[in-house]
Amino acid sequence: MIKLLTSISLLLLIQACNKNSDYVYYDNPPRLESRDDRIQVRDLLSNAKIDILWVVDNSGSMATIQDNIITNADLFMQNFIKNNFMKWKMGVISTDRAEVPYVGFSNVLGNKTPPSQAIELFTNAISGLGIDGSPYELVFYNVMRMITDPQYTTFFRPDAHLAIIMVTDEEEQSEGEYGSAYNAASVLNGLTAYKDAGSIIRFYGAFDFGDLKNCQYNRAEYANSPFEKIINLSGGKYMSACTPDFGKNLASIGKDILSMVDTPSITLKDRPKIETIEVYYNDILLPSGKEGVGYWYYSEYYNTINFYNMDFIPDMEKANIRIKYDINDGIDRSED
């Protein structure tokens, strides 16, 4: 009798559980969490520094090339003048072993220089080079002189990227004059020793050499030259100084220099539900989308908010970016 009652009780319990199975398997998910973070724009500027050094031949055959630089200075300088995010400095030196810099060292040319004054300072420096310099073209020697001579070293910031633009119509003669410490690899290694880890050093060139487009009167060649070696080693670019599109190509070098600096980005602290992301500048909602339509886009791979530029911010020191989103915790809260 007792066994029968026990069996009946167990059967009734199983039936009761089946009838109320929704309650037995009910899952009560945790509350959806969200983030609302503010980031000071000035905290994003640590990787936005770049020093730009022009090394321009000032010997007797350089008048036309110097004039081309002056004529197209605006095209080149606009790359930097329009960028309010980058902290850039620019200097101009010659290839003469004894000359002092023409601009950018004792008189600063950089992102805090008013735009019209910046172009004037640069063009005046190129004009001031003249064509009465030494016939010995010591590009590599002068680059190292600027970074080792105590009176000039303050131009170079250890935590800044470095772009060096070489302009000449003569062979590089530093190694022949001063030995192997001035070959391409040694110069690049020497510069690297003065820079912080992560800083990029890149060489560029505009040359009048016989094997480059429209440069038919020069016996010197770019191929296998120290210039080619250091540009290849550093991942830079070169151009012919003899073509009608000199300005366009010079502007292209400027854009490549800009690419050394990372676009402004913010790494999110959690994985977001992408459709919930909202980005504000000083509490003004910024639309996302392609460049020219939106101000930013989300990279799922890097989990970052990336800005195309920050031209919409007049004062980097006081601005803040606000990012709101729901955290993607992997729980499906949708109802059947």
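Numbers given for residues are sequential positions, taken from 1 along each chain in its written order. The model is predicted, so local features are restricted to residues of pLDDT at least 70 and side-chain atom pairs to those at 80 or more, both for listing and for counting; the totals for chains, interfaces and linings are taken over all residues. With hydrogens and water stripped out, all remaining heavy atoms of the structure feed into the side-chain values.

**Some points on the packing of helix H8 (residues 184-192) against helix H9 (residues 226-234)**
- Helix axes are fitted only over the stretch in contact, all axes being lines through C-alpha atoms; the angle between N-to-C directions runs from 0 to 180 degrees. We count a stretch as a helix when DSSP gives it H or I for four or more residues in a row; a strand needs E for two or more, and each element gets its number in order from the N terminus. In contact at an axis separation of 9 Å, H8 and H9 are set at 45° when each is read in the N-to-C sense. Overall, the two elements H8 and H9 adopt an arrangement that is oblique. The chirality of how H8 crosses H9 is right-handed. Taken together, the residues of H9 that come into contact with H8 (itself represented by Ala-184, Ala-185, Val-187 and Leu-188) are Pro-226, Lys-229, Ile-230, Leu-233 and Ser-234.
- Taken together, the residues that form the contact of H8 with H9 break down as seven nonpolar, one polar and one charged. Working rule for angles: under 35 degrees goes down as roughly parallel, over 145 as roughly antiparallel, 65 to 115 as roughly perpendicular, anything else as oblique. Handedness of a crossing is defined here by the sense of rotation of the near helix relative to the far one, left-handed for an anticlockwise turn of less than a right angle and right-handed for a clockwise turn. Residue contacts are defined here by distance: any two heavy atoms, one from each residue, within 4.5 Å place the two residues in contact. Residues are grouped as follows: Ala, Val, Leu, Ile, Met, Phe, Trp, Tyr, Cys and Pro are nonpolar; Asp, Glu, Lys and Arg are charged; all remaining types, including Gly, are polar.

**Let's talk about the packing of helix H6 (residues 139-148) against H8**
- At a minimum axis distance of 11 Å, the contact between H6 and H8 shows a crossing angle of 15°. Here H6 lies roughly parallel to H8, going by the angle between them. Note that H6 runs across H8; the crossing there is left-handed. Within the contact between the two elements, H6 uses Phe-140, Val-143, Met-144 and Ile-147 and H8 uses Ala-184, Val-187, Gly-190 and Leu-191.
- Split into classes, the residues belonging to the contact of H6 with H8 amount to seven nonpolar, one polar and no charged.

**Some thoughts on the side chain of Ser-240**
- Relative to the assigned elements, Ser-240 resides in strand E6 (residues 237-240).
- Exposure classes here rest on a 1.4 Å probe applied to the protein chains alone. A residue is buried below 20% of its type maximum, exposed above 50%, and partly exposed in between. Residue classification places Ser-240 among the buried residues on the basis of a relative accessible area of 9%.
- Side-chain atoms alone can form a polar contact between residues adjacent in sequence; in general such a contact is a pair of N or O atoms within 3.5 Å, and within protein one must be able to donate a hydrogen while the other accepts it. From its side chain, Ser-240 meets the backbone oxygen of Lys-213 in a polar contact 2.6 Å long.
- In this structure the side chain of Ser-240 is engaged in a polar contact, spanning 3.1 Å, whose partner is the backbone nitrogen of Cys-242.
- Residues within four places of Ser-240 in sequence aside, it is in contact with Phe-207, Leu-212, Lys-213, Cys-215 and Phe-246.

**Details of the confidence of the model for the protein**
- Looking at the protein, pLDDT values average 87 and 91% of them are 70 or higher.
- pLDDT expresses how confident the predictor is about each individual residue, on a scale running from 0 to 100. For residues 10-14, every residue scores under 50 in pLDDT, and the model assigns this stretch zero contacts once sequence neighbours within four places are set aside.

**Considering the pairing of strand E11 (residues 304-307)**
- Burial of E11 is two-sided: the residues Thr-304 and Asn-306 facing one way and the residues Ile-305 and Phe-307 facing the other way are all buried.
- In the sheet, strand E7 (residues 265-267) pairs with E11 via three bridges, with the strands oriented antiparallel. When the sheet's bridge partners are listed, Ser-265 is paired in E11 with Asn-306.
- Bridge analysis of strand E10 (residues 296-299) against E11 gives four bridges, and the strand direction is antiparallel. When the sheet's bridge partners are listed, Trp-296 is paired in E11 with Phe-307.
- Between E10 and E11, which follow one another and run antiparallel, lie four residues, and Asn-303 among them has a positive phi close to 60°. Strand pairing is assigned whenever DSSP detects at least two bridges linking the two strands.

**Let's talk about the sheet that holds E6**
- One open sheet accounts for five strands, arranged E3-E2-E4-E5-E6; its pairing is parallel. The sheet is open, and its two edges are formed by strand E3 (87-94) and E6, each paired on a single side. Neighbour-to-neighbour, the strand axes of the sheet open up by a mean angle of 15°, direction not taken into account.
- With eight bridges connecting them, strand E2 (residues 49-56) and E3 associate as parallel partners. Following the sheet pairing, Val-56 is matched in E3 by Ser-94.
- Its contacts with the sheet put helix H5 (residues 115-129) on E2 and E3, and the angle it makes with E3 is roughly 15°.
- Its contacts with the sheet put H6 on E2, E3 and strand E4 (161-168), and the angle it makes with E3 is roughly 130°.

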